[in-house]
Amino acid sequence: MDKKSLRADDLEVIKKYSDMVYRMAFSLLKNRYDAEDIHQDVFVQYLKKRPKFENSEHERAWFLRVTVNLCRNFWKKAWRQREVGLVEEELDGRTAAGAEETEDEIIGLVKRLPRKYRIVIHLFYYEELSTEEIAKVLGMKPSTVRTQLTRAREKLKVLL
């Protein structure tokens, strides 16, 4: 798809959701290169399907759902399950031990949580979705989302 076939409203939608999609992908994959690939794939799907949205909440939920699904598919690939990944070092070189608790360090701790907890934490705190909205996006019950949030918070307390 070349730039000439993009409509002005497509560019607005891409600009509007670009940061959110990238943050969600990075939160789930913990790797900027893989997150960039997923980011691109989400918008390629958007441009191919050109879905009709009922409202802005539906539009936002679609982008989050597609991002989560593509990340899950990424991890399901057989070669991914056998691959041993390298841990990316923090950009500023600080370690969590003895350092002042900053947002970067907390994000680093969230990245250490199991994937199912990272997803709900990201959607709740960073995307500011309610538990009911998260349940719709992830296709689960609101009570399950609340349970996962509680367990994630407990795990974070231990890590802190």
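Keep in mind that what you see is a predicted model, and the values were worked out from it rather than measured. (Residues numbered from 1 in each chain as written. Predicted model: local features only at pLDDT ≥ 70, side-chain atom pairs only at ≥ 80, totals over all residues. Heavy atoms only, no water.)

Here we come to the nonpolar core. By size, the foremost hydrophobic cluster in this structure holds 41 residues, and its most contacted members are Ile38, Phe63, Leu123 and Leu138. Secondary-structure elements contributing two or more residues to this core are helix 1 (8–29), helix 2 (32–49), helix 3 (56–76), helix 5 (103–111), helix 6 (115–126), helix 7 (131–138) and helix 8 (142–159). Looking at this core, the element that brings in the most residues is helix 1, giving ten residues. Residues within four places of leucine 123 in sequence aside, it is in contact with Met24, Leu64, Glu128, Leu129, Ile134, Val137 and Leu138. (Core = buried A, V, L, I, M, F, W, Y, C linked by side-chain atoms within 4.5 Å. Buried < 20%, exposed > 50% of the residue type's maximum accessible area, 1.4 Å probe, protein only. Helix = DSSP H or I, 4+ residues; strand = E, 2+ residues; numbered from the N terminus. Contact = heavy atoms within 4.5 Å.)

Turning our attention to the side chain of serine 18. Locating serine 18 in the fold gives a position in helix 1. A distance of 2.8 Å separates the side chain of serine 18 from the side chain of histidine 39, its partner in a polar contact. Not counting the four nearest positions on each side in its chain, serine 18 is found in contact with His39 and Phe43. (Polar contact = N/O pair within 3.5 Å; in protein donor to acceptor, adjacent residues only side chain to side chain.)

This part is about helix 2. Its 18 residues place the ends of helix 2 26 Å apart at the C-alpha level, agreeing with the 26 Å of an ideal helix rising 1.5 Å per residue. Turning to helix 2, its buried residues are Asp34, Ala35, Ile38, His39, Val42, Phe43, Tyr46 and Leu47. Positive phi appears at arginine 50, one or two residues downstream of helix 2, with a value of about 45°. (Expected span 1.5 Å × (residues − 1).)

Another point: the packing of aromatic side chains. Evaluated as defined, the whole model comprises nine aromatic pairs. Summarising the aromatic geometry, the rings of tyrosine 46 and tryptophan 62 are spaced 6.2 Å apart at their centres and angled 65° between planes, so their arrangement reads as edge-to-face. Taken together, the residues tyrosine 46 in helix 2 and tryptophan 62 in helix 3 connect sequence positions 16 residues apart. For the residue pair tyrosine 46 and tryptophan 62, the accessibility class agrees, reading buried in each case. (Phe/Tyr/Trp six-rings, centres within 6.5 Å; stacked < 30°, edge-to-face > 60°.)

As for its position among the elements, lysine 155 is in helix 8. Each C-alpha atom of the pair lysine 155 and leucine 113 lies 7.5 Å from the other, and the pair is 42 residues apart in sequence. Other than its neighbours up to four places away in sequence, lysine 155 contacts Leu113, Pro114 and Tyr117.

Another point: the packing of helix 3 against helix 7. Each pair of packed helices can be summarised by the angle the axes make with each other and by the distance between the axes. With their axes 9 Å apart at the nearest point, helix 3 and helix 7 run at an angle of 55° to one another. For the element pair helix 3 / helix 7, the angle class is oblique. In this structure, the crossing between helix 3 and helix 7 has a hand that is right-handed. On helix 7, the residues touching Glu57, Ala61, Leu64, Arg65, Val68 and Arg72 of helix 3 are Glu133, Val137 and Leu138. Per-class residue counts for the contact of helix 3 with helix 7 are five nonpolar, no polar and four charged. (Axes fitted to C-alpha atoms, helices over the stretch in contact; angles between N-to-C directions. Parallel < 35°, antiparallel > 145°, perpendicular 65-115°, else oblique. Left-handed = near helix turned anticlockwise from the far one by under 90°. Nonpolar A, V, L, I, M, F, W, Y, C, P; charged D, E, K, R; others polar.)

Attention shifts here to the confidence of the model for the protein chain. Here the protein chain shows a mean pLDDT of 80. Residues at 70 or above account for 80%. Here helix 4 (residues 78–82) is the element of the protein chain with the lowest mean pLDDT, 50, and helix 2 is the one with the highest, 92. In the model, residues 82–101 has pLDDT below 50 throughout and makes eleven contacts with residues more than four positions away in sequence or in other chains. (pLDDT = per-residue confidence, 0-100.)

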